[in-house]
Amino acid sequence: MTVLTVPMAETGTASITRRTRVLRRLQRNPLAVVSFVVLALAGVIALLSPWLAPYSVDQTDFARTFAPPGTAGHLLGTDDLGRDVLSRIMLGARASLQVGLLAVATSLVIGVPLGLAAGYFRAWDAVISRFTDLLLAFPFLIMAVGLAAIRGASLGNAAVAIGIAQIPGVIRVVRSDTLRLKSLDFVAAAVVDGASDLWVLARHILPNATSVILVQATVAIPAAILGEAVLSFLGLGIQPPAPSLGTMLATAQQFAARAPWAAVLPGVVIMGLALAFNVFGDALRDALDPKGDRR
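Just so we're clear, the structure is a prediction, and the values are computed from it rather than from any experiment. (Residues numbered from 1 in each chain as written. Predicted model: local features only at pLDDT ≥ 70, side-chain atom pairs only at ≥ 80, totals over all residues. Heavy atoms only, no water.)

So, on to the UniProt feature "transmembrane region" (unreviewed entry) in the chain. The feature "transmembrane region" (unreviewed entry), as given by UniProt, occupies residues 31–53, 99–121, 133–150, 156–174, 212–238 and 259–280 in the numbering adopted here. What you have in residues 259–280 is 91% helix and 0% strand, and the ends, taken at the C-alpha atoms, are 33 Å apart. (UniProt positions renumbered as here; feature names shortened; annotations may be inferred. Helix = DSSP H or I, 4+ residues; strand = E, 2+ residues; numbered from the N terminus.)

This part is about helix α9 (residues 245–252). Counting buried positions over the 8 residues of α9 gives 6, a clear majority of the element. Residues Leu245, Gly246, Thr247, Met248, Ala250 and Ala252 constitute the buried set of α9. Contact partners of the buried residues in α9: α3 (85–120), α8 (197–233) and α10 (261–288). You can read the cap of α9 off the contacts: a side-chain oxygen lies 3.3 Å from the backbone nitrogen of Gly246, and it is on Ser244. (Buried < 20%, exposed > 50% of the residue type's maximum accessible area, 1.4 Å probe, protein only. Contact = heavy atoms within 4.5 Å. Polar contact = N/O pair within 3.5 Å; in protein donor to acceptor, adjacent residues only side chain to side chain.)

Under the present numbering, the feature "domain: ABC transmembrane type-1" (unreviewed entry) in UniProt falls on residues 93–281. Overall, residues 93–281 shows 83% helix and 0% strand. The separation of its end C-alpha atoms is 20 Å.

Packing of α3 against helix α4 (residues 122–136) leaves a shortest axis separation of 6 Å and a crossing angle of 125 degrees. On the basis of their axis angle, the class for α3 and α4 is oblique. Every pair of crossing elements has a handedness; the one defined by α3 and α4 is left-handed. Together, Leu114, Ala117, Ala118 and Tyr120 of α3 and Arg122, Trp124, Asp125 and Ile128 of α4 make up the contact between the two elements. For the contact of α3 with α4, the per-class residue count stands at 6 nonpolar, no polar and 2 charged. (Axes fitted to C-alpha atoms, helices over the stretch in contact; angles between N-to-C directions. Parallel < 35°, antiparallel > 145°, perpendicular 65-115°, else oblique. Left-handed = near helix turned anticlockwise from the far one by under 90°. Nonpolar A, V, L, I, M, F, W, Y, C, P; charged D, E, K, R; others polar.)

Structural data, given as structure tokens:
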């Protein structure tokens, strides 16, 4: 997913003006507003879930196993051990968002500098591009599963494994935009004025590539959330008794006929988070497109 950026080094006033235009475009997009509200609510609930959850995630009640949604005291019912489904979903969503943000941060910290170097320095491009092609030869989930299996099962290891698997995509996107920006007049003018390569990258290339990086991050987060769910489902992610949407799905599949809500509800939350991030990412890409000024 690519996005066009303004081909100029922005001053403070120009940056504020552009930010205002982007916010106005987002506000005029109903899907952007709805997806932002969903993500904001999910973030608040995830942040405050240890205090908002009505029960402890490992509190069991064997007298009320498989209680259906709407049961008194258990809004979304209970699972096979009598644990409150709502409490576990709230804490599981918190874990999913943590993994998603940590994984994307890992991929950006490593992928952005490599993408800038590949796009700006021709000597480095061949090496970094071949390294990227090598990583892209392995499917995203296969690489994440392999790395998680090597490092061991935990939230941190799952985030690192998914982040490393996402590095090739970040490198390609940043490299492509760097090549485009490098050919523009304001970069050539800075070079003629005697600016060093690091100065050009830090003051001209990177600020104008920020839009692309932001959009890439919004696309990568839902992929990381799905990746965490898959790893946890396979037993390579967050380990019990810590709650995870993936482990909830893995446990619930054994009792799908008896208590379908125990599997459906975590799946709906995963789908909702991924859809909200993707919709907001598409809206953000459109809002950041400078061609929108001429529409």
